Amino acid sequence: MRRFACLALLVVVACKAKQTAPKQEAVAPATPDARTVAATEDARPAFDAEPVPKWANDPPEVLRGKIIGINAHVIVLKTSAHLTEYRDVLAKVERTPGVVAAAPFIFAELEIAKTGKPPVSVAIKAVDPKRVGRVLTVGKHMTEGTLESLAKGKPPSIVLGDVLAQTLGVKVGDEVTVTHPKMDDAFAGVLPEPKPGVFRVTGMFHMDFDEYDERLAFVPLAAMQEMLARGDQVMGIEMTVKDLDRSDEIAKAIETKLGGHPYDAQDWYELNQQLFVSLFGQRRP
């Protein structure tokens, strides 16, 4: 059985309900799908399954808080191409009634290594240091440093899950190298070759959620754009809303304002519905 701490392809999850999206290499740390949580129903995992993770026993509101602390309340993705016009989209989103704040982001599956150590596969979320504090709550869960430290200069900063930092054997002030896994032959010569990057650890967080604490890091958006060598584009826009109980309505309003296809707006529950139904039934937290 797949490990509970799997990472779902957020782009595919977000878009496949409406249409098939082009292949993406960026991923987001997300909750396991219904198959992986089925073993939690009677708290007796199958013989080939790993132990039930602690978060599977969280009350719905607690689990929701952990998820939206990393992935916000509503996200907007573009299903047909990379989001180069994100500043215009950002402005429209922020003018939508009910939206508190919004920010661009990129997710990428990369590798991190301390000098002389083997690389570790991770999910990296690139964010705007000036905006992220108003959109995500991960800053409240820092065990060392601050999320605002991502705004520091060169080398660019990186904030790690505390378990990931232990795995890497790094502490605040250490430098790590971020590299891209070997590109598939099908894309060699077609996509720009991502550059390796050196980052300085400026903080650590603990969300009490394995997928985040063990495999997630944050870096500045500009540093990720430079590393990926694909110009001034992002993966999507994420936002917080005033009334979380109306996040689905606000997502629909945003999509309408953007004119629908190729834009797709979904709230946190739609993105994670399979998980919540598997654990808690049809009641929306």
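Residues numbered from 1 in each chain as written. Predicted model: local features only at pLDDT ≥ 70, side-chain atom pairs only at ≥ 80, totals over all residues. Heavy atoms only, no water.

1. A word on the packing of helix 3 (residues 60-71) against helix 10 (residues 268-280)
For any two helices packed against each other, one specifies the inter-axial angle together with the distance between the axes. Interhelical geometry of helix 3 versus helix 10 gives an angle of 145° and a closest axis separation of 12 Å. In this structure, the crossing between helix 3 and helix 10 has a hand that is right-handed. Residues Pro60, Leu63, Arg64, Ile67 and Ile68 of helix 3 lie in contact with helix 10, whose contacting residues are Trp268, Asn272, Leu275, Phe276, Leu279 and Phe280. Grouping the constituent residues of the contact of helix 3 with helix 10 by class yields nine nonpolar, one polar and one charged. (Axes fitted to C-alpha atoms, helices over the stretch in contact; angles between N-to-C directions. Helix = DSSP H or I, 4+ residues; strand = E, 2+ residues; numbered from the N terminus. Left-handed = near helix turned anticlockwise from the far one by under 90°. Contact = heavy atoms within 4.5 Å. Nonpolar A, V, L, I, M, F, W, Y, C, P; charged D, E, K, R; others polar.)

2. Digging into the pattern of salt bridges
Pairing between side chains of opposite charge can happen when their charged atoms approach one another. For the structure shown, the criterion picks out 14 salt bridges. Taking the shortest distance from any N to any O, the salt bridge between Glu61 and Arg283 comes out at 3.8 Å. Of this pair, Glu61 sits in helix 3 while Arg283 sits in the segment after helix 10, and the two are 222 residues apart along the sequence. Taking the relative accessible area as the measure of exposure, Glu61 reaches 36% and is therefore partly exposed. Close ionic contact of Asp267 with Arg284 constitutes a salt bridge, the shortest N to O distance being 2.7 Å. Of this pair, Asp267 sits in strand 10 (residues 263-267) while Arg284 sits in the segment after helix 10, placing them 17 residues apart in sequence. Looking at Asp267, the relative accessible area reads 2%, which means it is buried. (Salt bridge = Lys/Arg side-chain N within 4 Å of Asp/Glu carboxyl O. Buried < 20%, exposed > 50% of the residue type's maximum accessible area, 1.4 Å probe, protein only.)

3. Examining the environment of Tyr86
Tracing the backbone through its elements, the reader meets Tyr86 in helix 4 (residues 86-94). Relative accessible area serves as the criterion here: at 5%, Tyr86 is assigned to the buried category. Along the backbone, Tyr86 and Gln233 are 147 residues apart, and their C-alpha atoms lie at a distance of 7.1 Å. Excluding residues within four positions of it along the chain, Tyr86 makes contact with Pro104, Gln225, Asp232, Gln233, Val234 and Ile237.

4. Some points on the confidence of the model for the chain
Across the chain, pLDDT averages 82, with 78% of residues at or above 70. Contacts for the low-pLDDT stretch residues 32-47, under 50 throughout, to residues beyond four places or in other chains number 34 contacts. (pLDDT = per-residue confidence, 0-100.)

5. A few points about the environment of Pro194
Within the secondary structure, Pro194 is located in the loop between strand 6 (175-179) and strand 7 (197-205). With a relative accessible area of 8%, Pro194 lands in the buried category. For the pair Pro194 and Met224, spaced 30 residues apart in the sequence, the C-alpha separation amounts to 9.6 Å.

6. Quick notes on helix 3
A turn of α-helix holds 3.6 residues, and therefore any two residues three or four places apart point the same way. The terminal C-alpha atoms of helix 3, which comprises twelve residues, lie 16 Å apart, in line with the 16 Å expected from a rise of 1.5 Å per residue. Where burial is concerned, most of helix 3 is hidden: nine out of the twelve residues are buried. Of all the residues in helix 3, the buried ones are Pro60, Leu63, Arg64, Lys66, Ile67, Ile68, Gly69, Ile70 and Asn71. Note on helix 3: the residue one or two positions beyond its end, Ala72, has a positive phi of about 65°. (Expected span 1.5 Å × (residues − 1).)

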